Amino acid sequence: MPMDSIRNYDVLDPPSAPAALDDITDGAPGLLPVADLSRPLRIEVPQWPISSPSPDRPETLSLYWDGEFVDEKTWYAAIDPNELFIDVPVDSLLKEGEFKVTYRVLGYNGVETGSKPLTLTIDRTAPVLGGDRGRLEFPELGSLPLTDEFLKKHGEVLRGQVPDYQVFMPGDTIVYYWDDQPLDNTQVGELTLTSANAGTPVIIEYDGQMIRARGDGVRYGQYLVRDRAGNESQVAVPKAVIVDAKPVPRVLPWPEVPLATGNQELVTLMLIDIHEPLEIRIPEPAVIYPGEPFTVEWALGMFGEQLLPGVEGVRSYRVAERNVVALSGKTVPLRYAVDGSDGQWWSDVRRVAIAPLPRSSMPIPQLSGTTGTTFSLKQQTRDPAITLAPWKLISVDQWVRIEIRGVSSEGASNLPVMHNHAVTESELESGIGATGDLTVPLTFLGSLLLGQNFTVEVKVSFDAGRTWPALPNFEPLEITLLA
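Residues numbered from 1 in each chain as written. Predicted model: local features only at pLDDT ≥ 70, side-chain atom pairs only at ≥ 80, totals over all residues. Heavy atoms only, no water.

Chemist: Could you clarify how one ought to interpret the environment of Val 248 in this entry?
Modeler: As for its position among the elements, Val 248 is in the loop between strand 15 (239-244) and strand 16 (266-270). Residue classification places Val 248 among the partly exposed positions, given a relative accessible area of 46%. Taking the C-alpha atoms as reference points, Val 248 and Thr 147, 101 residues apart in sequence, are found 9.5 Å from one another. Among all residues touching Val 248, those that are not within four sequence positions of it are Asp 148 and Tyr 289. (Helix = DSSP H or I, 4+ residues; strand = E, 2+ residues; numbered from the N terminus. Buried < 20%, exposed > 50% of the residue type's maximum accessible area, 1.4 Å probe, protein only. Contact = heavy atoms within 4.5 Å.)

Chemist: Help me out: how do you make sense of the pattern of salt bridges in this one?
Modeler: It is possible for side chains of opposite charge to pair when their charged atoms get near one another. Inspection of the entire model under this criterion finds 22 salt bridges. One salt bridge in this structure joins Arg 39 and Asp 36, with 2.4 Å as the shortest N-O distance. Overall, Arg 39 belongs to the partly exposed group, its relative accessible area being 45%. Connected through shared salt-bridge partners, Asp 148, Lys 152, Glu 156 and Arg 212 make up one network. (Salt bridge = Lys/Arg side-chain N within 4 Å of Asp/Glu carboxyl O.)

Chemist: It is not clear to me how the sheet that holds strand 26 (residues 374-376) should be interpreted in this structure. Could you clarify?
Modeler: Strands belonging to one sheet form pairs held by backbone hydrogen bonds; the direction of such a pair is parallel or antiparallel. Overall, mixed pairing links the six strands, which are arranged 25-26-31-30-28-29 in an open sheet. Sheet topology places strand 25 (370-371) and strand 29 (411-422) at the edges, where each strand pairs with a single neighbour. In the sheet, strand 28 (residues 399-408) pairs with strand 30 (residues 453-461) via seven bridges, with the strands oriented antiparallel. Looking at strand 30, one finds that Trp 399 is bridged to Ser 461. (Pairing = 2+ DSSP bridges.)

Chemist: I would appreciate a short explanation of the sheet that holds strand 15 in the present structure.
Modeler: Taking strand neighbours across the sheet as the criterion, the five strands line up as 9-15-14-11-12 in an open arrangement whose pairing is mixed. Two strands close off the open sheet at either side, each with one partner strand: strand 9 (146-147) and strand 12 (187-192). Two strands pair when backbone bridges link them, and strand 11 (residues 173-179) and strand 14 (residues 217-226) are joined in this way by seven bridges, in the antiparallel orientation. Bridge pairing in strand 14 links Thr 173 to Arg 226.

This is how it looks when you write it as structure tokens:
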């Protein structure tokens, strides 16, 4: 086109290249994938304003590649938007670098107008691997075998360092492999770099689960670098790693209860032997790695449950007395749980049968007004009171029932004196009925047959009323009733 017809520069919107990649921070502008450089490159042009071509007054679009004329199109009628493009021939795409693409429009009115430029980048140069032909380094592992313990200590990851290569650009992708044989190129991951990676070592991470799944033996780690345009480096020289990562079997034997008798799964603990919190020991052979949280679980899911957080290096733990006594007469599961980097593990379960306190060790209830083993009605002027001294291992988790059982003219006659009473803090020291408010009506005693025995029976629930013994678990008080 004649240069003297140009009226306006950099007025129209720039053209576009659909094949170009989206720009990224610090990346090459308008980067063209190398896969698209083997065919003509389509450049699209937005519809310019004030367009009205006709047979007598056509409009012409001309495309320029870095200032060099490429091709043109002329319209003699309304322009189909699908025709607003011109292809750049392959010959123009052979050189590397940044290129400015512009267009000019000669309108129906004879005015020629130019566009703002579109910057495109052509990169045909593959990255060049760094020293030792790019062989990976494993700084944390060195030349040692890759073991189960190493993976656990390093978060189930093997970190490989990529030697510096030429030339780093944001958007480069490290494609990495893990092979049974050198250069099998079994891809296991990709890492796309950003400008934040500039000037720092590039680290790729091989997943421990993948390494374990691929088995033990000599394995090879290697990679290639693919730049954003799609140019690929050579595959790095494989780095051999001896893998011995088969998990060490977790040995988690059942916990020990030194005070209990027996050495099998089921042991017996006598409550009469409890004088302090119950010691639980994690045996020395238990495999708990440094840094792994663990918990000793006493009576999980039962009343009296206690979970004891583990402390690294500590094998001895204590269960509170009340949490032991609450399970009187029951068989309790005892184990420890480990939150390993390879999942949660549980020890073998020790079953602890808790033998109740013998009745002979429990206090006998007392009834005021009793002389020896007899009670005379005529000597009483008020309702007699029942008292019960504190017993071994008494706690506020325990409930009490007290009942009078006798014989009347109509047969057996029973009177509940205390029903489902929760032991209070003050009763831990004073026992039951110390204030004298727990009494037996003389009218009830007067309804019983003279010369016959009546009894004061005590039952205690050690788990806050959830379960009760079938028979009194305290020695009963037996008294002969006299006139």
